[in-house]
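Working through the structure, step by step
Residue strings, one per chain:
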Amino acid sequence: MHEYEIKLLAYLREHGNATLEDIRNSLSLGNDQIVWAIESLAERNAIRVERTKQVECILSDEGKECLKEFPEERFIKAVAKKGRLSVKECSDGIGFIWAKKNGWILIDDGFVVLSEKGNEMLSNGNYGYRELLNALSNANTADIDSILSKAGQDADTLSKKRKLFEIKSYNGIKSVAMTDIGMKLSSSDSNIDGISTLTRDIIANGWWKGKMFRPYNVDAPSVKVYPARLHPVHEFINNIRDIWLRMGFIEGTGPIIDSAFWDFDVLFSPQDHPTREMQDTFFLSNPKDIDIDDIELLSKVRRMHKKAWSRTWSEKLAKQALLRTHTTVVSAHYMQKLAGMKNMQYPMKIFSIGKVFRNESLDYKHLAELYQYDGIIVGEGIGLSHLIYTLKEFYAQLGMKVRIKPAYFPFVEPGLEVHYFDKKLNDWIELCGGGVIRDEITGALGIKKNVLAWGGGLDRLMFNKLEIKTLSELYRNEIDWLRSRKNMW
Amino acid sequence: MVDDILATVKFYNDDIKKHIGYDRFKDLVIALGMDIESSDDASITIDITPNRPDLLDFVGFMRAIKFIDEGEKPREYLLASSAPIKKLKVTERVKGVRPFIEAFEVRGADLSGNRLQYLINFTEKIGDTYGRRRKKLAIGLHDMDAIKGNLEYDATASARFMPLDSELEQDFNDIIKKHPKGIEYAHALAKKGNAAKAYPFLKDQEKILAMVPIINSNATKITEKTKNLFIDITGTDEKAIHDVAGIFTCSFIDSGAKVFNVDIEYGKKKAAKPLLQYRHIAINLNKVLARLGIAIAKNDMPQLLSRMGYGSSYENGKFTVVVPPYRVDVLNWQDVVEDIAIAIGYDAIEPKPIYSMAHGIPSLFTSLKDNISNLMIGMDFFESINTYLTNETNDFEKMQRKLDANSSVRIEYSKTEAYSILRQRLLPSLMQDLSASAHEKMPQKLFEIGSIFKVEHGNAVESTALAIVSEHSKANFAEVKGYVEALLDRMQIEYSFCDSDDPAFIAGRCLGIMTGKRIIGVFGEMHPQVLNNFKLEEPVVAAEITLLEDMKYLEGLE
């Protein structure tokens, strides 16, 4: 129990019940402290509170100023000091308006001068409005009504027109009475002379020895704390990253702006494929093109397209600059880099996580920027069965049981998709696609080993963890959400 | 990986149940690599991958199901043995418009029940997907008995006929502009974005049969009662037309009809089309096993192959696979490997671990990001992530910064109006965030570590930057200077401060950050005009630092 509550209970133990007035006069506590103690004890049924309607006059900031001096009073003082003021100088002031309404000033040939009434006002200084405001601010509940009815129209002017005060009524505390629970509480806690706040002196000098500590109200509400943290999407990415790192993968990075050559052509995607239309992909107008420096790769890719897809293959289309549409393009860059390196330890395992872009009309379930994860394993003697093991292992670490089914992607053969059963949707949901990279592609990139590859969107995994239903919810930055969101792991 | 464009087909449960149990059918749809989009008591809708146009047809789909389910031996597809009955003359005028055509006759077809609907869907879906919305190829279906004499494939700037399901004659030029099909498929005849000047069409001795590839004539409309059909396939890709002719021919033969050649005349050249071609592909069993990572007994191979509709023979240690005419997706041995895996069943392939002592290595970039994030969180900043796509107003104007249009990475076309460039600076993103949360409790402290983009000497340059903002009634210069010094000190960056004239900040209340002679950042009190622009009502202090200029990607292998 808190010190204030102990004092209040001790007082009530003696007196049984008491009015708020009595308590105020008897205990050496401030009004706020007493009210807090009463509410806190009432909540625990230690006391019973009898309430009564209370009326209070609350002054606005302007009203508080007016207690000292109204603007019109200040205004006529200024006029008196100078003798007269030009109308242009003062016509828009509140002081001017009310001085004129009160008949304290006259306007004479474009100048303001004091009237007789004004001079009288200056000399005796008794302003009715100020006296009314003063009376209201000091009045208690019983008096307010009679003051208001006596003032009539004047009170309305000050509150409604001039917004100097407001009358507020509320349920105030009239009296309190001890309950049985309160009796028990107070008897178990009769020693109120214990240590309150633990200070440096008390600790250092050992003054606490042999003393009691006053118990606090440990049920009292606390100050809200918001621990600063990562954005949930990055927190989630870090967790996915950790899984791949634990499985022995090297983390890779690649450019966001790339050529259609790398994003599509190298990956065996035909040039007339629908995803290569402006409707789906963000092509750039600055820079418009990205040169393909590797002439040998260029001619190999040209040959592979001509053989498989069509007799024409356009270098101009391949050079178009774009925002990558998948992170598989990062895996393709690594394949080429690996082909040029000697004495590497195989199997080589590389993953990457990054943003990809789709030209979408934005709504709650379509965004133009999304995150994907991608991976490759390069080595000899590895095939579809090893890819299935790797992916099952990855999703098992996320607690997901999955099924593997055949699927088609132009750059793999055989291809697969990983699905998991979503109990809420009562349906199988695709998690990622993958397969063994075609010889045409590894051949062009100079790799003589098998390459297992896969890629998938992060959102689906995050939906599962964050209990979020739409994409736009996931990528929001509202500080309220960032501050209060729950842990996902 | 990018998901491919899928076509969906709808089959009726009653038709399926005539061939196979419904649950078994559903399992086999998945086993074949297709997806079930939806199903109810009456029908099932299936996603067909774009490599298998032969499965867009009910006959073709059930053929694949029966092979994998029963392992029945593949049949041989043959055209009717008589000489071609019809001739089709191709004029010079179609050359620059839509040069290629194949055609054939079907006799004794049965289009009763749902069969007519299946055939029309098949035709439409192939035109839309494989035919690239009829530009590459499109298929026309006609009632053979309504065709008089021989045919001609020609092109003209203007002609009139009565389109399908219409009661009025219309001119080609009106159809292309006003008819729903004309509007939908005008692109198929357009040349480099310009509207077509000549329209290809098909006619017999008396009348126009079709405005190709837009719409057929009402005169040769097919119905459930039609027994004999004339089918044309036109387009710009000769091989694709040949492939699709093969798919349709096999489908009609499987349904019990007879297919007859049509003689196509190109000037003096004549050719009977279609040709049904079987391809023979040699397969090295060891390569197959390596690709799949499993063991298969040699003796099991013929059965696995026939369950995917292939014929096969074994001679001198080598398998030769016979690919039927409808399997147009098979480019080489690798495509057959996938089918062998499907015949085994992906579920039946035993997962195998890869043994390796290699350990994981995080990238330098993410390690740096983690370190700085820890420092920022330690200073009570929340992380925010924003889009890279933005516009000039947010990135420059609202910040009072001058835009150099040549230095922005610019996108050509966006469906979302708010996107025109990639962000060149990071701070505007965080100002946006503060703007969106203006009504929330202060203080608000945010940071972001992310990519920024610019164009230098015609090349795109990607860099990584850090931005921080702190908004509250007492935010001032000394506060942000404290954050910046703490950061740079803990990161062990040798730095000095210099004057800054960045108009986003109040003059005399901001500093530039230098390492050596290079300016890497700026910090200070945000200018009240900038605060007004973002509709903020409390003071904001901010810092912006480029952490990695011109990212060096593809790390981690050295």
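Because the structure is predicted, anything quoted here is derived from the model rather than measured.

What counts and what doesn't
- Residues numbered from 1 in each chain as written.
- Chains lettered and ligands numbered in written order.
- Predicted model: local features only at pLDDT ≥ 70, side-chain atom pairs only at ≥ 80, totals over all residues.
- Helix = DSSP H or I, 4+ residues; strand = E, 2+ residues; numbered from the N terminus.
- Rg over C-alpha atoms; globule rule 2.2 N^0.38 Å.
- Buried ≥ 20, exposed ≤ 12 C-beta atoms within 10 Å, placed from the backbone.
- Pairing = 2+ DSSP bridges.
- Contact = placed C-beta atoms within 7 Å.
- Axes fitted to C-alpha atoms, helices over the stretch in contact; angles between N-to-C directions.
- Nonpolar A, V, L, I, M, F, W, Y, C, P; charged D, E, K, R; others polar.
- Core = buried A, V, L, I, M, F, W, Y, C linked by C-beta atoms within 7 Å.
- Domains from an automatic or database assignment.
- Arc of directions from axis to C-beta.
- Parallel < 35°, antiparallel > 145°, perpendicular 65-115°, else oblique.

1. Side note on the overall build of chain B
- A count of helices and strands for chain B gives 15 helices and 28 strands.
- Taken against the 2.2 N^0.38 rule, which gives 24 Å for 558 residues, the C-alpha radius of gyration of chain B at 33 Å runs more than 25% over that of a compact globule.
- Once the C-alpha set of chain B is aligned to its principal axes, its extents read approximately 95 × 65 × 50 Å.
- Out of the 558 residues belonging to chain B, those deemed buried represent 42%.

2. Description of the sheet that holds strand 14 (residues 412-422) of chain A
Residues and elements named next belong to chain A.
- The 7 strands are arranged 7-11-12-16-15-14-13 in an open sheet whose pairing can be described as mixed. Here the strands that pair on one side only, and so sit at the sheet edges, are strand 7 (250-251) and strand 13 (402-406).
- When strand 15 (residues 427-437) meets strand 16 (residues 450-457), the two strands line up antiparallel, connected through 5 bridges. Residue Cys432 lies in a different strand from strand 16, and its bridge partner there is Gly456.
- Across the face of the sheet, helix 19 (residues 384-397) comes into contact with strand 12 (369-379), strand 13, strand 14, strand 15 and strand 16 while running at roughly 140° to strand 15.

3. Thoughts on the interface of chain A and chain B
- On the chain B side, the residues contacting the 86 residues of chain A number 80 residues.
- Partitioned by chemical class, the residues of the side of chain A that touches chain B number 41 nonpolar, 27 polar and 18 charged.
- Examined bridge by bridge, strand 9 (residues 284-286) of chain A and strand 21 (residues 410-411) of chain B share 2 bridges and lie antiparallel to one another. Looking at the pairing, Asn286 of chain A lines up with Arg410 of chain B of strand 21 of chain B.

4. Re the nonpolar core
- By size, the foremost hydrophobic cluster in this structure holds 217 residues, and its most contacted members are Met211, Val244, Ala467, Ile468 and Ala542 of chain B.
- Counting residues per element, this core draws most heavily on helix 7 (residues 238-254) of chain B, at 9 residues.
- Setting aside chain neighbours within four positions, we find Val244 of chain B in contact with Ile126, Tyr130, Leu137, Ile139 and Ile233 of chain B.
- Listed in part, the 17 residues of the second largest apolar core include Met1, Ile38, Ala46 and Val176 of chain A.

5. Let's talk about the domain arrangement of chain B
All names here are of chain B.
- The domain architecture assigned to chain B consists of domain 1 (7-70), domain 2 (87-273), domain 3 (279-348) and domain 4 (365-548).
- For domain 2 versus domain 3, the separation of C-alpha centres amounts to 36 Å.
- In this complex, domain 2 contributes 4 residues to the contact, which on the side of domain 3 involves 4 residues.
- Considered class by class, the residues forming the side of domain 2 that touches domain 3 number 2 nonpolar, 1 polar and 1 charged.

6. Details of unusual backbone geometry
- In this model, Tyr346 of chain A is joined to Pro347 of chain A through a cis peptide bond whose omega is 0°.
- Non-glycine residue Asp165 of chain B carries a positive phi angle of around 60°.
- One can find Asp165 of chain B in the loop between strand 8 (160-161) and strand 9 (170-171).
- Even without being glycine, Asp550 of chain B reaches a positive phi, approximately 55°.

7. Looking at the pairing of strand 13 (residues 229-235) of chain B
Residues and elements named next belong to chain B.
- With 7 of 7 residues buried, strand 13 lies mostly within the body of the structure.
- Sheet topology places strand 5 (residues 100-107) next to strand 13; 7 bridges connect them, and they run antiparallel. Across the sheet, residue Val106 finds its bridge partner in strand 13, namely Leu229.
- Bridge count between strand 6 (residues 137-143) and strand 13: 7 bridges; the pairing is antiparallel. Looking at strand 13, one finds that Ile139 is bridged to Ile233.

8. Notes on helix 9 (residues 128-138) of chain A
Residues and elements named next belong to chain A.
- All of the buried residues in helix 9 are Tyr129, Leu132, Leu133 and Leu136. Each buried residue of helix 9 lies within a common arc of 95° when the element is viewed along its axis, so the set occupies one face. Turned more than 90 degrees from where helix 9 packs its buried face, Glu131 and Asn138 sit exposed.

9. Some points on the domain arrangement of chain A
- As far as domains go, chain A holds domain 1 (3-59 + 171-204) and domain 2 (233-256 + 324-484).
- Here the C-alpha centre of domain 2 of chain A lies 63 Å away from the C-alpha centre of domain 1 of chain A.

10. Points about the packing of helix 2 (residues 22-31) of chain B against helix 3 (residues 58-70) of chain B
Residues and elements named next belong to chain B.
- Packing of helix 2 against helix 3 brings their axes to within 10 Å, and their N-to-C directions diverge by 100°. By the criterion of interaxial angle, the relationship of helix 2 to helix 3 is roughly perpendicular. Along its contact with helix 2, which presents Arg24, Phe25, Leu28 and Ala31, the element helix 3 presents Ile65, Ile68 and Asp69.
- Within the contact of helix 2 with helix 3, the residues separate by chemical class into 5 nonpolar, no polar and 2 charged.

11. Let's talk about the environment of Glu392 of chain B
Residues and elements named next belong to chain B.
- One can find Glu392 in helix 12 (residues 392-395).
- With 15 C-beta atoms packed within 10 Å, Glu392 lands in the partly exposed category.
- Remark: the alpha-carbon pair of Glu392 and Val94, spanning 298 residues in sequence, is separated by 48 Å.
- Residues contacting Glu392, with those up to four places away along its chain left out, are Glu397, Leu403, Ser420 and Ile421.

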